[in-house]
Amino acid sequence: MNALVVLFLAAFGLAVGSFLNVCIYRLPRRESLSFPASHCTSCQRPLDWFENIPVFGWLALRGRCRTCRAEISPIYPVVEAMTAAVFVAGYLIYGLTPLLAVRVLFACAMLVLFAIDLRHRILPNAITLPGVVAGFLFSIVLPPGWLSSLIGLLAGGGILFAIGEAYFRLRGVEGLGMGDVKMLAMIGAFLGWPLMLLTLVLASFAGSCVGIALMLARRAGARTKLPFGTFLAAGALVAAVAGNEILAWYLAFYE
Ligand SMILES: [Zn+2]
């Protein structure tokens, strides 16, 4: 481990996180990612250079616009800090290898989907569809290998599609969207089928816990739609970091 590399990757991660925030804000609104420059989304005033500094800009402003006092969501500095953490954790796990670049790219996509689904209940095709293709192409030359990737892609999409169909036939309402189907296919394409299944289990478990907690707190009814893509993203990040250890620990019970 090299302290200078860690420092550089953390700074680079903060800058990339700042770009991810632009994606999170503008993709669901179908706005251009490059134009106009960063501005307050409430009063439209262009941001000064120091307000654009990741995390520290938000802290210096104490989460409010300098002129119109509109609140700036804490999701922005959190995404920036998480992206920096992804870059550093990826380096500690994979070293400076091609797989580091692929896994960091995957984690960045998961962060964007996490935030967009949480806020807008959508998972943009602009991320999931290229993600399915890219995940498979990278896997031809890198882990998990093309076969595990292909099975993960087909099974991931297939399982959620089947669950969604069954739910629709039984209850007459849509429980899962096609966005979730494409997202799990993307996760399978990048991580391979065992970690895709683990992601699905982790996401379903976390989603059930949060759903039950919300119902107990009377903040949600039995039909409240939870952002399943948000749980899938969190599950995929856990699976990418510690999935093989979790699977080894779980399988040890059956030996
Ligand atoms: Zn403002």
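Residues numbered from 1 in each chain as written. Predicted model: local features only at pLDDT ≥ 70, side-chain atom pairs only at ≥ 80, totals over all residues. Heavy atoms only, no water.

K.L.:
What is the right way to read the packing of aromatic side chains from this model?
P.N.:
Aromatic rings in a pair are described by how distant their centres are and how their planes are angled relative to each other. Summed over all chains, the structure comprises six aromatic pairs. Between Phe12 and Phe87, the ring centres sit 5.5 Å apart and the planes meet at 90 degrees, which makes this aromatic pair edge-to-face. Taken together, the positions of Phe12 in helix H1 (residues 3–26) and Phe87 in helix H3 (residues 75–94) put the pair 75 residues apart, joining distant regions of the chain. Aromatic pair Phe138 and Phe190: ring centres 6.3 Å apart, planes at 50 degrees, arrangement tilted. Here Phe190 lies in helix H7 (residues 178–191) and Phe138 lies in helix H5 (residues 125–141), a separation of 52 residues in the sequence. Relative accessible area serves as the criterion here: at 30%, Phe138 is assigned to the partly exposed category. Put simply, the rings of Phe8, Phe12 and Phe87 pair up and form one aromatic cluster. (Phe/Tyr/Trp six-rings, centres within 6.5 Å; stacked < 30°, edge-to-face > 60°. Helix = DSSP H or I, 4+ residues; strand = E, 2+ residues; numbered from the N terminus. Buried < 20%, exposed > 50% of the residue type's maximum accessible area, 1.4 Å probe, protein only.)

K.L.:
What is the right way to look at helix H6 (residues 146–171) in this model?
P.N.:
In an α-helix there are 3.6 residues to a turn, and that puts residues three or four apart on one side. Between its first and last C-alpha atoms H6 spans 37 Å; for 26 residues at 1.5 Å apiece the expected length is 38 Å, and the two agree. Turning to H6, its buried residues are Ser148, Ser149, Gly152, Leu153, Gly156, Gly157, Leu160 and Gly164. Looking one or two places after H6, you find Gly172, whose phi comes out positive at around 75 degrees. (Expected span 1.5 Å × (residues − 1).)

K.L.:
I keep staring at the pattern of salt bridges and nothing clicks. Help me out?
P.N.:
Side-chain pairing between opposite charges can occur once the charged atoms of the two side chains come close. What the rule picks out here adds up to four salt bridges. Of the charged contacts in the structure, one is a salt bridge between Glu51 and Arg45, with a shortest N-O distance of 3.1 Å. The exposure class of Glu51 is buried, given its relative accessible area of 8%. For Arg169, the salt bridge identified is with Glu165, shortest N-O distance 3.2 Å. In this pair, Arg169 and Glu165 are both assigned in helix H6, four residues apart and thus about one turn of the helix distant. Taking the relative accessible area as the measure of exposure, Arg169 reaches 69% and is therefore exposed. Glu165 sits in the partly exposed class, given a relative accessible area of 31%. Members of the salt-bridge network, linked through shared partners, are Arg45, Asp48, Glu51 and Arg66. (Salt bridge = Lys/Arg side-chain N within 4 Å of Asp/Glu carboxyl O.)

K.L.:
Would you mind going over the side chain of Asp117 with me for this structure?
P.N.:
Secondary-structure assignment places Asp117 in helix H4 (residues 98–120). Although Asp117 is buried, it makes no salt bridge; Arg121 carries the closest opposite charge, 6.0 Å away. Excluding residues that lie within four positions of it along the chain, Asp117 makes contacts with Ile122, Leu123, Pro227, Phe228, Gly229 and Thr230. (Lys, Arg positive; Asp, Glu negative; His and termini not counted. Contact = heavy atoms within 4.5 Å.)

K.L.:
Sorry, what's going on with the coordination of the zinc ion here?
P.N.:
Ideal values for angles at a metal depend on the geometry: 109.5 degrees with four tetrahedral donors, 90 or 180 degrees with six octahedral donors. For the zinc ion, the full set of protein donor atoms is Cys40 (SG), Cys43 (SG), Cys65 (SG) and Cys68 (SG), and the range of their distances to it is 2.3 to 2.4 Å. Bound by four donor atoms, the zinc ion shows angles of 105 to 116 degrees at the metal and therefore tetrahedral coordination geometry. Ordering the donors of the zinc ion by residue number gives the pattern C-x2-C-x21-C-x2-C. By relative accessible area, Cys40 is classed as buried at 10%. A residue is classified by how much of its surface remains accessible, and Cys43, at 31% relative accessible area, is partly exposed. (Donors = N, O, S within 2.8 Å, 3.2 Å for Na, K, Ca; no water. Tetrahedral: all angles 85-135°; square planar, octahedral: opposite > 155°, others 65-115°.)

K.L.:
Quick question: what am I supposed to make of the nonpolar core here?
P.N.:
One recurring pattern in soluble globular proteins: nonpolar side chains tend to sit buried together. Grouped together as the largest cluster of nonpolar side chains are 56 residues, with contacts concentrated most on Phe106, Met110, Leu160, Met183, Ile187, Leu191 and Leu232. Residue assignment for this core shows that the elements contributing at least two residues are H1, H3, H4, H5, H6, H7, helix H8 (193–216) and helix H9 (228–251). No other element matches the 14 residues that H4 contributes to this core. With near-sequence residues (within four places) excluded, Leu232 lies in contact with Leu160, Asp180, Met183, Leu184, Ile187, Thr199 and Ala203. (Core = buried A, V, L, I, M, F, W, Y, C linked by side-chain atoms within 4.5 Å.)

K.L.:
Just checking my understanding: could you explain a nonpolar patch on the surface for this structure?
P.N.:
Taken together, the side chains of Val133, Leu137, Ile140, Val141, Trp146, Leu147, Ile151, Trp193 and Leu197 present a nonpolar region at the surface, about 870 Å² in accessible area. Of all the secondary-structure elements, those providing two or more residues to the nonpolar patch are H5, H6 and H8. If you tally residues by element for the nonpolar patch, the top one is H5, at four residues. If you trace the backbone, Leu137 turns up in helix H5. (Patch = residues over 30% accessible without salt bridge, like charges linked within 9 Å, V, L, I, M, F, W, Y side chains within 5 Å. Areas by Shrake-Rupley, 256 points an atom, 1.4 Å probe, with all protein chains shown as cover.)

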